[in-house]
Amino acid sequence: MSNPVFNNSPVFGDSRNPKVRQGRQQMAADPGWGTPPPGYQHGPQYQAAPYGTGAPTMDAASLESMYGAPSATNVQMRRMTYDDVVMKTGGLLALLVIVGAVAYYLTPQVGLGLIWGGMIAALGLGLVNAFKREPSPPLIIAYAVAEGVFLGGVSYLFQEIYVGGADVQPIVLQAVLATLATFGVTLALFRSGKVRVTPKFTRWLMIAIGGYALFSLLNFVLSFFIASEGFGPLRNGPVGIIVGLVAVGLAAASLIVDFDGIKRGVEIGAPAKYSWTASFGLLVTLVWLYFELLRLLAMFAGRD
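Definitions and cut-offs
Residues numbered from 1 in each chain as written. Predicted model: local features only at pLDDT ≥ 70, side-chain atom pairs only at ≥ 80, totals over all residues. Heavy atoms only, no water. Axes fitted to C-alpha atoms, helices over the stretch in contact; angles between N-to-C directions. Helix = DSSP H or I, 4+ residues; strand = E, 2+ residues; numbered from the N terminus. Parallel < 35°, antiparallel > 145°, perpendicular 65-115°, else oblique. Contact = heavy atoms within 4.5 Å. Nonpolar A, V, L, I, M, F, W, Y, C, P; charged D, E, K, R; others polar. Buried < 20%, exposed > 50% of the residue type's maximum accessible area, 1.4 Å probe, protein only. pLDDT = per-residue confidence, 0-100. Core = buried A, V, L, I, M, F, W, Y, C linked by side-chain atoms within 4.5 Å.

Caption draft 1: Spatial organisation of the packing of helix α3 (residues 82–110) against helix α4 (residues 112–131). Where α3 meets α4, the closest approach of the two axes is 7 Å, and the angle between their N-to-C directions is 125°. By the angle between their directions, the pair α3 and α4 is classed as oblique. In this structure, α3 contributes Ala103, Leu106, Thr107 and Val110 to the contact, and α4 contributes Leu112, Leu114 and Ile115. Partitioning the contact of α3 with α4 into residue classes produces 6 nonpolar, 1 polar and no charged.

Caption draft 2: Expanded view of the environment of proline 137. One can find proline 137 in helix α5 (residues 137–163). We classify proline 137 as partly exposed; its relative accessible area is 27%. In the structure, proline 137 is positioned 140 residues away from threonine 277 in sequence and 8.6 Å away in space, judged by C-alpha atoms.

Caption draft 3: Representation of the confidence of the model for the chain. Here the chain averages 80 in pLDDT, while 73% of its residues score no lower than 70. Confidence drops under a pLDDT of 50 for residues 35–58, and excluding neighbours within four residues, the segment shows 19 contacts in the predicted structure. Contacts from residues 69–77, a stretch scored under 50 in pLDDT, to residues over four places away or in other chains number 8 contacts.

Caption draft 4: Seen up close, the nonpolar core. One finds Phe12, Met80, Tyr143, Phe158, Leu283 and Leu294 to be the most contacted residues of the largest nonpolar core, which totals 61 residues. For this core, the secondary-structure elements that each account for two or more residues are α3, α4, α5, α6 (171–192), α7 (199–222), α8 (237–267) and α9 (274–302). Broken down by element, the residue count for this core peaks at 16 residues, all from α9. Aside from chain neighbours lying at most four places away, what touches leucine 283 is Leu92, Leu93, Leu96, Tyr143 and Ala144.

In structure tokens, the structure reads:
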């Protein structure tokens, strides 16, 4: 997968990946691990204990009552559900937006130190959460706060420097609405089944994102040697707009892959705590999407 939060994850990864399969077998020994759904190819660790091993027996009436009872839901079994992911993602986004709005108005008084502090904190917390095996809600919430500080400050700079002030075009609000709209469209496409996440699609996306990362790194390095305005020597003019549109498309495609990973986690009965990991993964992709949309809108506004 393209998202480092879901990449090689035993909960959200593709079982055809050897690392995912091995990790899932190890996690199956955890008593809190979920019961696989019908048809899921699981290992011997999921098999019932053989008859006569000392387990308590049940009479015919108890067995009939048990089989006649309705099946337990994922909520009752403390398994991850879509509602869990939606609620936690919504809460993290709300927190990020509130912190971002405060940082936006504090940036003129505090200066660039606020942006650099938020960026370093968000990067560190993002790496810790991405590679942490067990989700940590406090660290994930702290990441949302740090990312809100960084994005709020960067949004102010984009609005003031590249556009020319709040009275010209509210590109920050446009970027927020465009991010939410893209999220809704990609989710609708995924739920409709019109867009399928296949191994070929995933490989193509990983190669494309890798190429874009190398291009961005080269552009950043060249900016120290070649004088340029805006976003670097390789992202000026029409070329910059084309690259920006490609980046937005890659971020949207990453959202679809994220949805597929979350769907896989729910289907295998992952413990409810992993809804925090899923929400964090979605937040990472949404932050990337917002940043690319903000940069693209600033390019369009600067051409007016």
